[in-house]
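Below are the chains, spelled out letter by letter.
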Amino acid sequence: MENSLTVYNSKSRKKEVFEPIHEGRVGMYVCGPTVYSEVHLGNVRTFVSFDVIYRYLLYLGYKVRYVRNITDVGHLTDRGEDKVSARAKLEQLEPMELVQKYSNMFHEMMSIFNTKSPSVEPRATGHLIEQIEMVKDIMKNGYAYEKNGSVYFDTLKFNDNYKSYGKLSGRKIDELFSETRDDLKNQDEKKHPSDFAIWMKASDEHIMKWNSPWSVGFPGWHLECSVMSTKYLGKTFDIHGGGNDLKFPHHENEIAQNVGCTGVEPAKYWLHTNMLLMNGKKMSKSDGNTISPYELFSGDSPHVSKGYSPMVVKFFMLQSHYRSTMDLTDNALQAAEKGYSKLMDAAKALDKMEHPGKGNDTDANKKLLASVNGIIADMDDDFNTPKALAGIFELVNFINKLKAGHIRYSDITFDTFDKLKSTFIKFVYDIFGLKDEAGGVKDNNSIDGVVQLLITIRNEARANKDWSTSDLIRDKLMELGIQLKDGKEGTSWSKI
Ligand code: AMP
Ligand code: ZN
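The structure displayed is predicted, hence computed values, not measured ones.

Structural notes on the side chain of N459
Part 1 of the argument: The residue N459 is located in helix α14 (residues 445–463) in this model.
Part 2 of the argument: For N459, a relative accessible area of 19% puts it in the buried group.
Part 3 of the argument: Apart from the residues within four sequence positions on either side, N459 is in contact with E108 and T491.

Structure (structure tokens):
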């Protein structure tokens, strides 16, 4: 098995050779979305990054179990209300109806961006029993205490024993004030401000609550990931990922809970993605510096001059390393559109090319082989997609020269050509997860891209019970000779 892969471990703050706990197998857990509203582009950036990581591990030949959860309880608003039930009230839906609606929309968005489904996608509300068991175990080990029906994790006692609280995020316990707002109301119940709730007693108005030995209440937000990661991947597993905004308090507290329960750290490697910016500033709803994926696709936003297809946006995302911030600008998207189109043209041209056999090991051959191997080395270096993409463009130039006859087949060996073809195709489609679609591609596939986009917008309208928009899309497409068919597997289309 390959082990030239190195990954940057946030825990040690350095690159380490990747050695999975069990030869040939990888367990990876990524913190998934909180499904109380539409997924935003920042979330997409994180999930696309981990999709590429997942795909590259598969390419290396690992058998990967990829677990990505859905948070549907325990994430509280500033006022201590559950985000899911607060939004459900607003939309006049049952909390679980709301969860279903936004989970569906999240899955749709993941499929628009052509990401692979995780192997397991557990929900927090489906693992209440296990969460209560973990609270009991932590209490049994002496690292949690009950106060008025709520249970708090005893960070001081834990740190006395393990000296590790705050290590991941680089914080010192003495300086720590609980930055989590989950339990702001109950600060006086805690022994120390950095203690955090692992079980919370619910007020009468609170809707999402369950029976427990301590009170009718609900789990702290960090508990679900401690429970679901280890339930499906074992006490210790290989990779734990998420956005770097989750390092503290979420991941720090996850580690404390797992160690407090089992005595061992849950993950060997911690991988964190960096944040998405727009025009150099943090993308944030409060100051209007935000754009939704659909606005980006349609161009219906003051931040862009036109719409960009999902694959162009994805191509743009691959141009930044997952640990760097990514700055979304109209100019950068325009450049990405050109780049994506050039890449797809080269992929199609290469597909049709055949090497007649033999050929010579010339300087051009050596250079080409070095470029092909360089791409693999770039991905082995902590999944460096921008460098690998630059390497792919060296190959694009080569393909174009071969097509134009500036380089001849006899200048390269059959084996090198074969390696070029297989590596190029694997990287573009299997590892980067790009596909041929609308937006800069000038062939029949653009129709499919446009219709898929309309299907997505129609699905969104249907989810919002906006029947007039959904009927309008279906009827207008029918007038254009395109029939939509709704089936179990989703909506498909055909020409009539
Ligand atoms: P949430 O739905 O807020 O729980 O977040 C889901 C995932 O998206 C987490 O891994 C977050 O760290 C990540 N995330 C949230 N905001 C951003 C952002 N602006 N850029 C990149 N990742 C983000
Ligand atoms: Zn999590």
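Here the narrative resumes, following the displayed structure.
With respect to the site of ligand 1
Part 1 of the argument: Neighbouring residues of ligand 1: 16 residues in total, closest T34, N43, T46, G243 and D245.
Part 2 of the argument: In the model, an oxygen atom of ligand 1 is placed 3.0 Å from a nitrogen or oxygen of the N43 side chain.
Part 3 of the argument: When the free accessible area of ligand 1 is taken as 490 Å², the share hidden by the protein chains comes to 89%.
Part 4 of the argument: Going through the elements one at a time, α1 (41–59) and β9 (237–243) are the ones with two or more residues in the shell around ligand 1.
Part 5 of the argument: No other element matches α1, which puts four residues into the shell around ligand 1.
Part 6 of the argument: For the shell around ligand 1, a count of residues per class yields six nonpolar, nine polar and one charged.

Concerning the coordination of the zinc ion (ligand 2)
Part 1 of the argument: Only C31 (SG), C225 (SG) and H250 (NE2) from the protein reach the zinc ion (ligand 2) as donors, at distances of 2.0 to 2.2 Å.
Part 2 of the argument: In primary sequence terms, the donor set of the zinc ion (ligand 2) follows C-x193-C-x24-H. Of this pair, C225 sits in helix α6 (residues 223–233) while H250 sits in helix α7 (residues 247–262), and the two are 25 residues apart along the sequence. Comparing C225 with H250 shows no difference in burial state: the two are buried.

Digging into the packing of aromatic side chains
Part 1 of the argument: For the coordinates displayed, the defined rule picks out 22 aromatic pairs.
Part 2 of the argument: A centroid spacing of 6.5 Å and a plane angle of 55° characterise the contact between Y56 and F427, whose relative ring orientation is tilted. Of the two residues, Y56 is situated in helix α1 and F427 in helix α13 (residues 414–431); the sequence distance between them amounts to 371 residues.
Part 3 of the argument: What makes Y56 buried here is its relative accessible area of 0%.
Part 4 of the argument: For the pair F158 and Y162, a centre-to-centre distance of 5.1 Å together with 40° between the ring planes defines the contact as tilted. With F158 and Y162 both in helix α5 (residues 155–162) and four residues apart, the pair spans about one turn of that helix.

Overview of α5
Given 3.6 residues per turn, any residue in an α-helix points the same way as the ones three and four places further on.
Part 1 of the argument: All buried positions along α5 are accounted for by T155, F158 and N159. The buried residues of α5 occupy an angular sector of 95° when the element is viewed end-on, so they sit on one face. Facing away from the buried side of α5, by more than 90 degrees, are the exposed residues D160 and N161.
Part 2 of the argument: Buried residues along α5 sit against β6 (150–153), β7 (196–201) and α7.
Part 3 of the argument: Remark: K163 follows α5 within two positions and exhibits a positive phi of approximately 50°.

Re the packing of helix α9 (residues 310–318) against helix α10 (residues 330–352)
Part 1 of the argument: Contact pair α9 / α10: the axes reach a minimum separation of 8 Å and the direction vectors enclose 100°. In this view, α9 runs roughly perpendicular relative to α10, as classed from their interaxial angle. On α10, the residues touching M311, V312, F315 and F316 of α9 are A332, L333, A336, E337, G339, Y340 and L343.
Part 2 of the argument: Partitioning the contact of α9 with α10 into residue classes produces nine nonpolar, one polar and one charged.

Some words on unusual backbone geometry
Part 1 of the argument: In the segment running from F248 into P249, the intervening peptide bond is cis, with an omega of 0°.
Part 2 of the argument: Topologically, P249 is positioned in helix α7.
Part 3 of the argument: Of note in this structure, N279 is not a glycine but carries a positive phi near 50°.
Part 4 of the argument: With respect to the secondary-structure elements, N279 resides in the loop between β11 (276–278) and β12 (281–282).
Part 5 of the argument: Relative accessible area serves as the criterion here: at 42%, N279 is assigned to the partly exposed category.
Part 6 of the argument: Of note, the phi angle at D382 is positive, near 55°, even though the residue is not glycine.
Part 7 of the argument: Positionally, D382 belongs in the loop between α11 (363–380) and α12 (385–404).
Part 8 of the argument: By relative accessible area, D382 is classed as buried at 0%.

Overview of α1
Part 1 of the argument: Between the first and last C-alpha of α1 there are 26 Å, a value that for 19 residues agrees with the 27 Å anticipated at 1.5 Å per step.
Part 2 of the argument: Backbone geometry just after α1 places G61 at a positive phi near 100°.

Reading the values: the criteria
Residues numbered from 1 in each chain as written. Chains lettered and ligands numbered in written order. Predicted model: local features only at pLDDT ≥ 70, side-chain atom pairs only at ≥ 80, totals over all residues. Heavy atoms only, no water. Helix = DSSP H or I, 4+ residues; strand = E, 2+ residues; numbered from the N terminus. Buried < 20%, exposed > 50% of the residue type's maximum accessible area, 1.4 Å probe, protein only. Contact = heavy atoms within 4.5 Å. Near = heavy atom within 4 Å. Polar contact = N/O pair within 3.5 Å; in protein donor to acceptor, adjacent residues only side chain to side chain. Areas by Shrake-Rupley, 256 points an atom, 1.4 Å probe, with all protein chains shown as cover. Nonpolar A, V, L, I, M, F, W, Y, C, P; charged D, E, K, R; others polar. Donors = N, O, S within 2.8 Å, 3.2 Å for Na, K, Ca; no water. Phe/Tyr/Trp six-rings, centres within 6.5 Å; stacked < 30°, edge-to-face > 60°. Arc of directions from axis to C-beta. Axes fitted to C-alpha atoms, helices over the stretch in contact; angles between N-to-C directions. Parallel < 35°, antiparallel > 145°, perpendicular 65-115°, else oblique. Expected span 1.5 Å × (residues − 1).

Honestly, it's all geometry; don't read function into it.
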